[in-house]
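Structure at a glance
Chain by chain, the residues:
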Amino acid sequence: MRSVTTEWQGKTYHLLYNGRAMFAARDALGDQDIIAALTQPGAAGMQATVQAFCILAEQGELVRRMDGHARGSIPDADDVAARIMPDELIELQQAVVNAVMRGYHRDQPEEEIDLGLAELQKKTE
């Protein structure tokens, strides 16, 4: 699973940016890019961060449950908005951005290196 683990107010959350999270974020935040939504000034940026955090945390938790892990918490947006402190906002934004980036990450197969060819190329240089 390509989740990002983060701690917030004593609880561990596994943020997962999967297909369902991508479309849920679009529905919640409008057609704007999720990263642009998080960095809006003022209350709009905070609300976008809270919504995105809750969506990604929910998806991470649901997939963990499907994989047989013990039940963890799924945050509620109203609860997070009421409890978040100003210094925690940036931490949650960074965790969401990391999860989005990880969600788009593709595993590239490692390229085989022909040691004989590499040695031959060194000799001819």
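For the structure itself, look to the data block above.
Note that the structure is predicted; figures quoted are calculated from it, not measured. (Residues numbered from 1 in each chain as written. Predicted model: local features only at pLDDT ≥ 70, side-chain atom pairs only at ≥ 80, totals over all residues. Heavy atoms only, no water.)

Moving on, we come to helix 1 (residues 19-29). Listed as buried for helix 1 are Ala21, Met22, Ala25 and Leu29. Looking down the long axis of helix 1, one finds its buried residues gathered within 105° of arc, a one-sided arrangement. What points out from helix 1, more than 90 degrees from its buried face, is the exposed set Arg20 and Asp27. Lining the buried residues of helix 1 we find helix 2 (34-38), helix 3 (43-66) and helix 5 (86-104). Its side-chain oxygen placed 3.3 Å from the backbone nitrogen of Arg20, Asn18 serves as the N-cap of helix 1. Positive phi shows up at Gly30, right after helix 1, with a value of about 85°. (Buried < 20%, exposed > 50% of the residue type's maximum accessible area, 1.4 Å probe, protein only. Helix = DSSP H or I, 4+ residues; strand = E, 2+ residues; numbered from the N terminus. Arc of directions from axis to C-beta. Contact = heavy atoms within 4.5 Å. Polar contact = N/O pair within 3.5 Å; in protein donor to acceptor, adjacent residues only side chain to side chain.)

Within the structure shown, the criterion is met by three aromatic pairs. Ring geometry for Tyr13 versus Phe53: centroids 5.3 Å apart, planes at 75°, classification edge-to-face. Linking Tyr13 in strand 2 (residues 11-15) with Phe53 in helix 3, this pair joins segments that are 40 residues apart in sequence. A relative accessible area of 4% places Tyr13 in the buried class. You can call Phe53 buried: its relative accessible area is 0%. Each ring, one from Tyr17 and one from Tyr104, has its centre 5.4 Å from the other, and the planes form 55°; the classification is tilted. Residue Tyr17 is located in the loop between strand 2 and helix 1, and its partner Tyr104 is located in helix 5; the two are separated by 87 residues in the primary sequence. (Phe/Tyr/Trp six-rings, centres within 6.5 Å; stacked < 30°, edge-to-face > 60°.)

So, on to the nonpolar core. Note that soluble globular proteins tend to have their nonpolar side chains buried in a common cluster. Residues Leu15, Tyr17, Ile34, Phe53, Leu56, Val80 and Val96 are the most contacted members of the largest nonpolar core, which totals 27 residues. Breaking this core down by element, the ones donating at least two residues are strand 1 (4-8), strand 2, helix 1, helix 2, helix 3 and helix 5. Here this core takes eight residues from helix 3, the largest share from any one element. The contacts of Val80, once residues within four sequence positions are left out, are Trp8, Val50, Phe53, Cys54, Pro75 and Leu92. (Core = buried A, V, L, I, M, F, W, Y, C linked by side-chain atoms within 4.5 Å.)

As enumerated under the stated definition, the model contains two salt bridges in all. Residue Arg65 pairs with Glu61 through a salt bridge whose shortest N-O separation is 2.9 Å. Separated by four residues within a single helix, Arg65 and Glu61 lie in helix 3, roughly one turn from each other. Notably, a salt bridge pairs Arg83 with Asp79, separated by 2.6 Å at the nearest N-O pair. Placement of the pair is Arg83 and Asp79 together in helix 4 (residues 77-83), with a separation of four residues, close to one helical turn. A relative accessible area of 46% means that Arg83 is categorised as partly exposed. Classification of Asp79 by relative accessible area gives partly exposed; the value is 33%. (Salt bridge = Lys/Arg side-chain N within 4 Å of Asp/Glu carboxyl O.)

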